[in-house]
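Listed below are the residues making up each chain.
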Amino acid sequence: MELDLLPIELAGVKKERPVVIAGPCSAETEEQVMTTAHALANNGIKIFRAGIWKPRTKPGGFEGNGEKALPWMQRVKQETGMYVTTEVANADHVELALKYGIDILWIGARTTASPFAMQEIADALQGVDIPVLVKNPVNPDIELWIGGLERLNQAGIKRLAAIHRGFSSADKKIYRNIPQWHIPIELRRRIPTLPLFCDPSHIGGKRELVAPLCQQAMDLGMDGLIIESHCTPDMAWSDAAQQVTPDILDYILNLLVIRKEIYTTESLTELRKQIDECDDNLIQELSKRMRVAREIGVFKKEHNMTVLQTGRYSEILDKRGSQGALCGVSPMCVRKIFEAIHEESVRQQLEILNM
Ligand code: PEP
Ligand code: MN
């Protein structure tokens, strides 16, 4: 399904990269919300985030203030002029968020992972014109992410964007949620007009990683950033380790290097021509290799041999892997390529065997 999208135009918010959304993980107290919001607004932030309902892994943690905190968001709007956004996870949240004039909604990672919840939200939004940002699901499933976007789009929501916040994994060595950048890159390839935000706070899980992740998102051409910022991060009631003060955030944003997305020069065109030639040659060689593999298949059939000969397979992987290292390609990459080539050769030989 093609998404029917409209750009998210917000008066007073420049469309230059990056569009920044900032604010605390949770709206804890009116004072914390107002202090953080004023500091962010003074530093030029135009869109304020805060969680009103917090999905927590285990019961008993701070689950958000709920409706009580919505008037604080209204105060933020009135006093600072910032747009406000919060997470909605069910139809009740949608109804309350709309009632209190929340400008932009976002869908959390746990919710995107649940088609029932996404459909409930989409139904609640039928006929409403509000921008909605959809985080990737906790599991690395691009179809589920796109499915969530489609449900909203079918309900008439056209001002959509995606937020990349990394993917849950048992491996917590560096990241809280591993980035798997290829997934947002694939989303961009499939839906080029969908604005793409990065959430470095939930990817990194620690404040030291916020700056490098922001830079990486910009280097990949992402449109915006949603960053957790708290007036006193160490005292935060949720996600304390990953929040930064408004001043640190300002410092991080000022240091970002924003590269142009498209800058085609004569020499780039020339280099791309060379790449195309290399790719043509690769395809031709691949086709030649498969022809030979099929001939081997005929030989094996005639001599009643098995298609797979493990010793020969290992020899190919080892030999080509070490060659890769010598010519500047990682052995892991060469291995992957030859695994794929070998798989195709085996498939073609099996075809011959069964003819
Ligand atoms: C959040 O933005 O505070 C949040 C709960 O994020 P996620 O859904 O990405 O875990
Ligand atoms: Mn958070």
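Our subject is the structure listed above.
Residues numbered from 1 in each chain as written. Chains lettered and ligands numbered in written order. Predicted model: local features only at pLDDT ≥ 70, side-chain atom pairs only at ≥ 80, totals over all residues. Heavy atoms only, no water.

*Asks:* Quick question: what am I supposed to make of the packing of helix α5 (residues 115-125) against helix α6 (residues 142-154) here?
*Replies:* Between α5 and α6, the shortest axis-to-axis distance is 8 Å and the interhelical angle comes to 20°. Classed by the angle they form, the pair α5 and α6 counts as roughly parallel. The handedness of the crossing between α5 and α6 is right-handed. Between α5 and α6, the residues in contact are P115, M118, Q119, I121, A122 and L125 and L144, G148, R151 and L152, respectively. Along the lines of polarity and charge, the residues of the contact of α5 with α6 split into 7 nonpolar, 2 polar and 1 charged. (Axes fitted to C-alpha atoms, helices over the stretch in contact; angles between N-to-C directions. Helix = DSSP H or I, 4+ residues; strand = E, 2+ residues; numbered from the N terminus. Parallel < 35°, antiparallel > 145°, perpendicular 65-115°, else oblique. Left-handed = near helix turned anticlockwise from the far one by under 90°. Contact = heavy atoms within 4.5 Å. Nonpolar A, V, L, I, M, F, W, Y, C, P; charged D, E, K, R; others polar.)

*Asks:* Teacher, can you tell me more about the side chain of R165 here?
*Replies:* In this fold, R165 is placed in the loop between β6 (160-164) and α7 (182-190). Within polar-contact distance, the side chain of R165 engages the side chain of N177 at 3.4 Å. Excluding residues within four positions of it along the chain, R165 makes contact with A109, R110, K135, N136, V138, N177, D199, H202 and I203. (Polar contact = N/O pair within 3.5 Å; in protein donor to acceptor, adjacent residues only side chain to side chain.)

*Asks:* Is there a simple way to explain the coordination of the manganese ion (ligand 2) in this structure?
*Replies:* Taken together, C25 (SG), H202 (NE2), E228 (OE) and D239 (OD) make up the protein donors of the manganese ion (ligand 2), found 2.1 to 2.4 Å from the metal. We note that the donor set of the manganese ion (ligand 2) lies within a single chain, spaced as C-x176-H-x25-E-x10-D. Here E228 lies in strand β8 (residues 224-228) and C25 lies in the loop between β1 (19-23) and α1 (30-42), a separation of 203 residues in the sequence. Relative accessible area serves as the criterion here: at 1%, E228 is assigned to the buried category. (Donors = N, O, S within 2.8 Å, 3.2 Å for Na, K, Ca; no water. Buried < 20%, exposed > 50% of the residue type's maximum accessible area, 1.4 Å probe, protein only.)

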